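Inside the fold
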Amino acid sequence: MSKELTLTVISPDKILYQGKAESVILPGSVGYFGILPGHATLVSQLDFGLIKLHTAGKEFRIAIDGGFCEVRNDQIRVLTEGGDSEDDLSHDHAVELLEEAEALPLSKDKEILLKKAKVRILLHER
């Protein structure tokens, strides 16, 4: 049995992450769940949230805007509508996104933009 997972996170714009991980936590549609090497085959819907991957004693985070994941043979593939890594977006920019979303009139778009902004802010909080 392998002691590592291979994680690939893809948005329509770019590959957000591709590499190895010892464990991965994903934002499922009914709550967060973890994946370790040897996990059973799984397909799941994902919600707005953070993917947390652990490798070499470090945690790396990726904000995603929902999507789907497939787990099979120690490979995790995530397809998301959008996302950012900690390196892609500063905390200050995430706060600006939240302020812009809060200034919008009440609508479904506003709700989505608020979720996106709040997840981006979580990227930088430990």
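Residues numbered from 1 in each chain as written. Predicted model: local features only at pLDDT ≥ 70, side-chain atom pairs only at ≥ 80, totals over all residues. Heavy atoms only, no water.

**Some remarks on the UniProt feature "domain: ATP synthase F1 complex delta/epsilon subunit N-terminal" (unreviewed entry) in the protein**
- In this structure's numbering, the residues bearing the UniProt feature "domain: ATP synthase F1 complex delta/epsilon subunit N-terminal" (unreviewed entry) are residues 5-81.
- Structurally, residues 5-81 comprises 0% helix and 77% strand, and the distance from its first C-alpha atom to its last is 23 Å. (UniProt positions renumbered as here; feature names shortened; annotations may be inferred. Helix = DSSP H or I, 4+ residues; strand = E, 2+ residues; numbered from the N terminus.)

**A short note on a nonpolar patch on the surface**
- A cluster of nonpolar side chains, Ile10, Ile15 and Leu79, forms an exposed patch at the surface whose accessible area comes to about 260 Å².
- Mapped onto the secondary structure, Ile15 falls in strand β2 (residues 15-21). (Patch = residues over 30% accessible without salt bridge, like charges linked within 9 Å, V, L, I, M, F, W, Y side chains within 5 Å. Areas by Shrake-Rupley, 256 points an atom, 1.4 Å probe, with all protein chains shown as cover. Salt bridge = Lys/Arg side-chain N within 4 Å of Asp/Glu carboxyl O.)

**Thoughts on helix α1 (residues 91-103)**
- Given a rise of 1.5 Å per residue, 13 residues ought to cover 18 Å, and the 19 Å separating the end C-alpha atoms of α1 matches this to within 8%.
- The complete set of buried residues in α1 reads Ala94, Leu98 and Ala101. Buried residues of α1, viewed axially, fall in a sector of 65°; they line one side. Counted as exposed and oriented over 90 degrees from the buried face of α1: Asp92, Glu100 and Ala103.
- Of the surrounding elements, those touching the buried residues of α1 are α2 (108-122). (Expected span 1.5 Å × (residues − 1). Buried < 20%, exposed > 50% of the residue type's maximum accessible area, 1.4 Å probe, protein only. Arc of directions from axis to C-beta. Contact = heavy atoms within 4.5 Å.)

**Some words on the environment of Phe48**
- Structurally, the position occupied by Phe48 is in strand β5 (residues 42-55).
- Sequence separation between Phe48 and His93 is 45 residues, and the spatial gap between their C-alpha atoms is 18 Å.
- Apart from residues lying up to four places away in sequence, Phe48 is in contact with Pro27, Ile64, Asp65, Gly66, Ile112, Lys115, Lys116 and Val119.

**Topic: the domain arrangement of the protein**
- With domains assigned, the protein is organised as domain 1 (5-85) and domain 2 (91-124).
- Taken together, the 12 residues of domain 1 in the interface contact seven residues of domain 2.
- With both chains or domains summed, domain 1 and domain 2 bury close to 760 Å², and 65% of this area falls on carbon and sulfur atoms.
- The tally of links between domain 1 and domain 2 comes to three salt bridges.
- For Arg120, the salt bridge is made with Asp84, and the minimal N-O distance between the two is 2.7 Å.
- The tally of links between domain 1 and domain 2 comes to three residue pairs in polar contact (both at pLDDT 80 or more).
- Going through the elements one at a time, β5, β6 (58-72) and β8 (83-85) are the ones with two or more residues in the side of domain 1 that touches domain 2.
- Among the elements that line the side of domain 1 that touches domain 2, the one with the most residues is β6, at five residues.
- Its residues assigned to classes, the side of domain 1 that touches domain 2 shows five nonpolar, four polar and three charged. (Domains from an automatic or database assignment. Buried area = accessible area lost by both parts, 1.4 Å probe. Polar contact = N/O pair within 3.5 Å; in protein donor to acceptor, adjacent residues only side chain to side chain. Nonpolar A, V, L, I, M, F, W, Y, C, P; charged D, E, K, R; others polar.)

**Remarks on the packing of aromatic side chains**
- Scanning all chains against the criterion turns up one aromatic pair.
- With a centroid separation of 5.7 Å and an interplanar angle of 40°, the aromatic rings of Tyr17 and Phe60 are classed as tilted. Taken together, the positions of Tyr17 in strand β2 and Phe60 in strand β6 put the pair 43 residues apart, joining distant regions of the chain.
- A residue is classified by how much of its surface remains accessible, and Tyr17, at 16% relative accessible area, is buried.
- Geometry around Tyr32 places Lys52 over its ring, the cationic atom sitting 5.9 Å from the centre. (Phe/Tyr/Trp six-rings, centres within 6.5 Å; stacked < 30°, edge-to-face > 60°. Lys NZ or Arg CZ within 6 Å of the ring centre and 35° of its normal.)

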